[in-house]
Amino acid sequence: MDTMVSMIDLHTHSTASDGSYTPTELVVHSSINGIQHLALTDHDTVDGLDEAKIASEKYGISLIPGIELSAQWQNRTLHIVGLSIDPTDPLLEATISEAKRIRVERARLIGARLEKAGVECAYRLTRELAGTDLLGRLHFAKMLVEQGYAKDFKQVFKRYMVRGKPGYASAEWIETEAAVKVIHQAGGVAVLAHPARYSLSMGQLRKALREFKYCGGDAMEVVSGNPRTQEIANMSRLAHEYSLSASVGSDFHGPDKPWVTLGRLQTLPVNNSSVWEAYDLL
Ligand code: AMP
Ligand code: MN
Ligand code: MN
Ligand code: MN
């Protein structure tokens, strides 16, 4: 097993979306963990980037401006990370404001459904806890655990926050192909996030990768979260097969998901072309 540790983390969250560290705290912890290159990739927002930039200069880290766009593909949600984007690009800004509208509307619906299922003040409590209007499922999950409706994230997602359960509402996110175009328009690199986390069969995953590549997708995460060696090997092979560059990202959200560490990720298998070399990101 390759136990070399990468000093690069290209997928993280802050309080601008559903992370629990502010952008500054995220940068400080990145620095402590020996990260040299950090991408902040909040869900459907670039609101944390200015603060992260200032902190990154103070703490001597190079910051790659990013985003994690929610997108749909065949009635499912995929997450497309955009790296090295221009956050002021007009098309990106328009896409973000539409995604925010969708997110706010969906949160109202999730809140109402949870309240109907007996969770009192679901929306208000979650809104208070989140400190932002841009509520995601993780915010609702935190509220439900805090209020004692479930014992941990695993249980709360299974019982409440997935399709068919009371805390789930579908959303009409932008099509994957359009998400890739927006990221390119903003000068960024389009990376399929955590490909092993969509509960897709191998056949479906291959189809998703083929279509992602066909519509201009650049890379996929090969080392994501806290992956097992076998998963890295599988994703490495798929990246190679579909001529996608390979990325490395923890998908760090905060210390309350202790199985994910900020940085300290395994390095890429040598036979993959890294997204930072292929697109000159560092
Ligand atoms: P959303 O973008 O609002 O639909 O929420 C997606 C987010 O929910 C992910 O980025 C994670 O933060 C969180 N999430 C999804 N599934 C799980 C899970 N099984 N356990 C913990 N967090 C999860
Ligand atoms: Mn999240
Ligand atoms: Mn994601
Ligand atoms: Mn993420």
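Relevant structure appears above.
Residues numbered from 1 in each chain as written. Chains lettered and ligands numbered in written order. Predicted model: local features only at pLDDT ≥ 70, side-chain atom pairs only at ≥ 80, totals over all residues. Heavy atoms only, no water.

Undergrad: Help me understand the pairing of strand E9 (residues 245-249), please; the structure alone is not making it clear to me.
TA: Summarising burial for E9: five of the five residues are buried, a large majority. Side-chain alternation along E9 places Ser245, Ser247 and Gly249 on one buried face and Ala246 and Val248 on a second face that is also buried. Direction of pairing for strand E8 (residues 219-224) relative to E9: parallel, over a ladder of five bridges. Following the sheet pairing, Ala219 is matched in E9 by Ser245. Read from E8 through helix H9 (residues 229-241) to E9, the crossover connection turns out right-handed. (Buried < 20%, exposed > 50% of the residue type's maximum accessible area, 1.4 Å probe, protein only. Helix = DSSP H or I, 4+ residues; strand = E, 2+ residues; numbered from the N terminus. Pairing = 2+ DSSP bridges. Right-handed = clockwise from strand over helix to strand, strands pointing away.)

Undergrad: I would appreciate a short explanation of the coordination of the manganese ion (ligand 3) in the present structure.
TA: The manganese ion (ligand 3) binds to the protein through Glu68 (OE), His79 (ND1) and His194 (NE2); the donor distances cover 2.1 to 2.2 Å. Coordination of the manganese ion (ligand 3) draws on donor residues from a single chain, spaced E-x10-H-x114-H in sequence. Taken as a pair, the manganese ion (ligand 3) and the manganese ion (ligand 2) show a spacing of 5.7 Å. In this pair, Glu68 is assigned in strand E4 (residues 62-73) and His194 in the loop between strand E7 (189-192) and helix H8 (202-214), connecting sequence segments 126 residues apart. Here Glu68 falls in the buried class, since its relative accessible area comes to 0%. Here His194 falls in the buried class, since its relative accessible area comes to 9%. (Donors = N, O, S within 2.8 Å, 3.2 Å for Na, K, Ca; no water.)

Undergrad: It is not clear to me how the pattern of salt bridges should be interpreted in this structure. Could you clarify?
TA: Counted by the stated rule, this structure contains 13 salt bridges. Where Glu177 meets Lys181, a salt bridge forms, and the shortest distance between an N and an O atom there is 3.5 Å. A residue pair is termed a helical-turn pair when its members lie 3 or 4 positions apart in one helix, as Glu177 and Lys181 do in helix H7 (residues 176-185) at four residues. Beyond isolated ion pairs, a larger network of salt bridges with shared partners links Glu98, Arg101 and Glu105. (Salt bridge = Lys/Arg side-chain N within 4 Å of Asp/Glu carboxyl O.)

Undergrad: Looking at this structure, how should I read the packing of aromatic side chains?
TA: Two measures describe an aromatic ring pair: the distance that separates the ring centres and the angle between the ring planes. Here the structure, examined in full by the defined rule, presents one aromatic pair. On the basis of an interplanar angle of 40° and a centroid distance of 5.6 Å, the ring pair of Tyr21 and Phe252 is categorised as tilted. A residue pair is termed long-range when its members are at least 10 positions apart, and Tyr21 in the loop between strand E2 (8-9) and helix H1 (23-32) and Phe252 in the loop between E9 and strand E10 (265-266) qualify at 231 residues. Residue Phe252 is classed as buried on the basis of its relative accessible area, which comes to 5%. (Phe/Tyr/Trp six-rings, centres within 6.5 Å; stacked < 30°, edge-to-face > 60°.)

Undergrad: Help me out: how do you make sense of a positive patch on the surface in this one?
TA: A grouping of Lys154, Lys158, Arg159 and Lys165 is seen on the molecular surface, where their side chains present a positively charged patch. Relative to the elements of secondary structure, Arg159 occurs in helix H6 (residues 153-161). Relative accessible area serves as the criterion here: at 46%, Arg159 is assigned to the partly exposed category. (Patch = residues over 30% accessible without salt bridge, like charges linked within 9 Å, V, L, I, M, F, W, Y side chains within 5 Å. Areas by Shrake-Rupley, 256 points an atom, 1.4 Å probe, with all protein chains shown as cover. Lys, Arg positive; Asp, Glu negative; His and termini not counted. Charge placed at Lys NZ, Arg CZ, Asp CG, Glu CD.)

Undergrad: Help me understand H1 in this model?
TA: Because an α-helix completes one turn every 3.6 residues, residues spaced three or four positions apart along the sequence face the same direction. Residues of H1 that are buried include every one of Pro23, Leu26, Val27 and Ser30, and no others. Buried residues of H1 fall within an arc of 95° about the axis and therefore sit on the same side. Considering only its buried residues, H1 is in contact with strand E3 (37-40) and helix H2 (49-59). Where H1 ends, the next residue or the one after it, Gly34, has phi of about 80°, a positive value. (Arc of directions from axis to C-beta. Contact = heavy atoms within 4.5 Å.)

Undergrad: I tried to follow the site of ligand 1 on my own but got confused; where do I start?
TA: Near ligand 1, the surroundings consist of Asp18, His43, Arg103, Arg106, Gly136, Arg137, Leu138, Phe157, His253 and Lys257. Between Asp18 and ligand 1, the recorded distance is 3.2 Å, taken from a side-chain N or O atom to an oxygen atom. If ligand 1 stood free it would expose 500 Å²; the protein chains cover 78% of that surface. Elements with a contribution of two residues or more to the shell around ligand 1: helix H3 (90-116) and helix H5 (137-146). Residues that form the shell around ligand 1 fall into these classes: two nonpolar, three polar and five charged. (Near = heavy atom within 4 Å. Polar contact = N/O pair within 3.5 Å; in protein donor to acceptor, adjacent residues only side chain to side chain. Nonpolar A, V, L, I, M, F, W, Y, C, P; charged D, E, K, R; others polar.)

Undergrad: Mind showing me how you'd approach the coordination of the manganese ion (ligand 4) here?
TA: Four donors placed tetrahedrally around a metal ideally meet at 109.5 degrees, and six donors placed octahedrally ideally meet at 90 or 180 degrees. Within the protein, His11 (NE2), His13 (NE2), Glu68 (OE) and Asp251 (OD) serve as the donor atoms for the manganese ion (ligand 4), at 2.1 Å. Between the two metal centres, the manganese ion (ligand 4) and the manganese ion (ligand 2), the spacing is 4.8 Å. Residue His11 shares its accessibility class with His13, and that shared class is buried.

Undergrad: Looking at this structure, I do not really get the side chain of Ser14. What am I missing?
TA: Tracing the backbone through its elements, the reader meets Ser14 in the loop between E2 and H1. For Ser14, a relative accessible area of 0% puts it in the buried group. Ser14 has contacts with Gly19, Tyr21, Thr22, Pro23, Leu40 and Asp42, leaving out every residue within four places of it along the chain.

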